[in-house]
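Coordinate analysis (summary)
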Amino acid sequence: MNTTEPILPSPVRALLDAALVGELTVIDQTGRPVTYPLIPLSDGNLIYLTSSVLFSRKLRHIKANPKVCFSLTDPVAVPVEPFSRATILGDARVVEEDLHEGWEDLLPKWRAKEPAIDFFLKKRFGIPLFFERSVIEITPRRVLWWEDGRASQPARVFEFAGVS
Amino acid sequence: MAKLELTDALTRAQTYPHAVLAYVGPDGYPVNVAVDFTTSSDGLVEVGPLGHDYRPTADQEVELTFSHIRPQPGVGYDERRYINLWGRATPVGAGLRIAVRTAAGWDEADTPFFEYAERGVPEGRTYLDDVGARPRLSPWWTFFLATRLPFLTATLIPVGLGGVIAGRDNSFHALWFVLALLAAVAVHLGLNMANDLFDDASGADAANLTPTPFSGGSRVLQYGLVHRRSMVLGCASFYAAAIAIGLYLAAERGWALLAIGAVGVGLSFAYSAPPLRLVHRGLGEPVTALGFGPVMTVGTYFACTGRWSWQPFLASLPVALLIALVLYVNQVPDRAGDAAVGKCTLIVRWTPAHVRMGYAVTAGAAFVCIAAEVGAGVMPAWTLLALGTAPLVWRVWRGLRDHYGDTYALIPTMQTNIALHLITGLLLIVGYTISIFA
């Protein structure tokens, strides 16, 4: 995990830190967007998501086309005050050198949002494939932030290196 | 995610407070933004108003996602559900009209998480193969799962009963008892592995999308945790060990023991192996009762004493009935998968009402058996202690009544039913033990 100064804007970091669920959109083999609700984890620079091999279609899509988008839109799933909304466009990389344990580096952050994961981890032998997991690492390229949460209004845009 | 009927998806979508519109932008990145929406019955969804900078082009393929969770402090969240709709977008004023063509989603209220995960197993196995990885589990847990070790209570009780009855006849012999126990354990573990192999071959376990800790097989083959070849080797090794110990015992204690061993091994294999596949014919329960009742108890008694007696046979009957009921109840969640591959267990053949009646009659018979045998002087009075578990029968019956169609809600019932066999058997053993010293 990156330990340099965070590049993501502070209010977006707050959203990511609070979010129990956000929406990852990838592009499938036909060019169609496909969205998956996932728990976002972040170090302020990169966004990390994990995916079990049981639900691996998104991983195949990312490998074929790494351009993705992650949004934080639901005031219930993103409990911050005052509420705002953000959409992060970026390039994703699937990290899966060690599907069995590689993702466990993210466990402290995951546990903070979903303490119940420890219960399931203890029963890992019962659902072994669920815990064979890839990490999706997103490098942000552009962040759209709607301070008042109204996405019909112009967004504040933050650009990062590499945006075409 | 699973495909949804359009009408169903649109009806469900109306319950969400907002949607997320996704489309692929001109730079090739997908963009998603929160939008207000309204649905109509003719498959149209209107969204907007949209910001000027972030809107798809006319006739572009777009996606709408509706997502919900309920935060649960200290746990995380529950009530997970989401819907994806895809269709072409037509600009209408400041918004879009989307003609929805396909829909998908998941609602854990309809498909519980564990079933949802089980449905993903083929996808997971293919992915693991493609990336050249294998699922891992420690050797201990792999052995634990592959052999279904906790089910050994089914063996410990009848063998223990045989041993304690031999003790009451002043003929207990530790070495012969331990060898009989090892042979019985080996047959049981071999049986469990054989059952997995044959249920995998028939497709019964793969067709079962709601396995539980007590039903649906060990899943080690379905999950790719163990190679089929290793499973065959393990199974054959356990049977070989059982036969070797049995031959030694027969040579030392009397060749009549061979007959009991042959019945035990034969029944355990014919239970799921073709051509007999007794469990497919609705004979699983009587076979289980015989194998984990009289065969083990009488076999252990004979190994210890070197002689026949009606005592262990009669004492094993309640245990036999209760272990048959363990199989019987554990097959309730398996019934859809079993029926799909022609495994016609009693549960597949009978209505839920008949299943409950069958349970009550058989469990009742087990307790009547105990009382009658004590009354007839066959079993010592102290074994009446075992009647103390009778209230568990009601709990299991009530669980079958209330949760027959809900696999995961039935798990505590299966647990109670296993406890019924275990505790009743232990109390019988305790009763015999007290009678030795009383």
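Fair warning: this is a prediction, and the values are worked out from it, not measured in the lab.

Another aspect to go through is the domain arrangement of chain B. What the domain assignment reports for chain B is domain 1 (2–110) and domain 2 (139–437). Put simply, the middle of domain 1 of chain B and the middle of domain 2 of chain B, counted by C-alpha atoms, are 52 Å apart.

Now for helix 6 (residues 174–202) of chain B. For helix 6 of chain B, with 29 residues, the first-to-last C-alpha span of 41 Å sits near the 42 Å given by 1.5 Å per residue. The buried fraction of helix 6 of chain B is high, at 22 of 29 residues.

All right, on to the pairing of strand 7 (residues 76–92) of chain B then. Residue and element names in this part refer to chain B. As judged from the eleven bridges shared by strand 6 (residues 61–72) and strand 7, these two strands associate in the antiparallel manner. Considered in strand 7, the bridge of L64 is made with L85. Adjacent in sequence and paired antiparallel, strand 6 and strand 7 are bridged by three residues, among which G74 carries a positive phi angle near 85°. Summarising the sheet, strand 7 and strand 8 (residues 95–107) pair through twelve bridges and their orientation is antiparallel. Residue pairing across strands places I83 opposite G105, the latter belonging to strand 8. In sequence, strand 7 turns back onto strand 8 through a hairpin of two residues, with G93 there showing a positive phi of about 60°.

Across the contact, 50 residues belong to chain A and 48 residues belong to chain B. At the level of elements, strand 1 (22–27), strand 2 (33–38), strand 5 (67–72) and strand 6 (85–95) of chain A are the ones that each hand at least two residues to the side of chain A that touches chain B. Among the residues making up the side of chain A that touches chain B, the classes are represented as 27 nonpolar, 13 polar and ten charged.

What follows concerns the packing of helix 6 of chain B against helix 9 (residues 256–270) of chain B. Each packed pair of helices is defined by two parameters, the angle between the axes and the distance between the axes. All names here are of chain B. Between helix 6 and helix 9, the shortest axis-to-axis distance is 9 Å and the interhelical angle comes to 20°. One element, helix 6, and the other, helix 9, form an angle in the roughly parallel class. Viewed along their axes, helix 6 and helix 9 form a crossing whose handedness is right-handed. Residue-level inspection shows V187, G190, L191 and A194 of helix 6 in contact with helix 9, the latter providing G264, V265, S268 and F269. Tallied by class, the residues present in the contact of helix 6 with helix 9 amount to five nonpolar, three polar and no charged.

Right, let's talk about the packing of helix 6 of chain B against helix 8 (residues 228–253) of chain B for a bit. Residues and elements named next belong to chain B. One way to put it is that helix 6 packs onto helix 8 with a least axis distance of 8 Å and a crossing angle of 150°. For the element pair helix 6 / helix 8, the angle class is roughly antiparallel. The hand of the helix 6/helix 8 crossing is left-handed. The class makeup of the residues in the contact of helix 6 with helix 8 is 21 nonpolar, three polar and two charged.

Conventions used here
Residues numbered from 1 in each chain as written. Chains lettered and ligands numbered in written order. Predicted model: local features only at pLDDT ≥ 70, side-chain atom pairs only at ≥ 80, totals over all residues. Domains from an automatic or database assignment. Helix = DSSP H or I, 4+ residues; strand = E, 2+ residues; numbered from the N terminus. Expected span 1.5 Å × (residues − 1). Buried ≥ 20, exposed ≤ 12 C-beta atoms within 10 Å, placed from the backbone. Pairing = 2+ DSSP bridges. Contact = placed C-beta atoms within 7 Å. Nonpolar A, V, L, I, M, F, W, Y, C, P; charged D, E, K, R; others polar. Axes fitted to C-alpha atoms, helices over the stretch in contact; angles between N-to-C directions. Parallel < 35°, antiparallel > 145°, perpendicular 65-115°, else oblique. Left-handed = near helix turned anticlockwise from the far one by under 90°.

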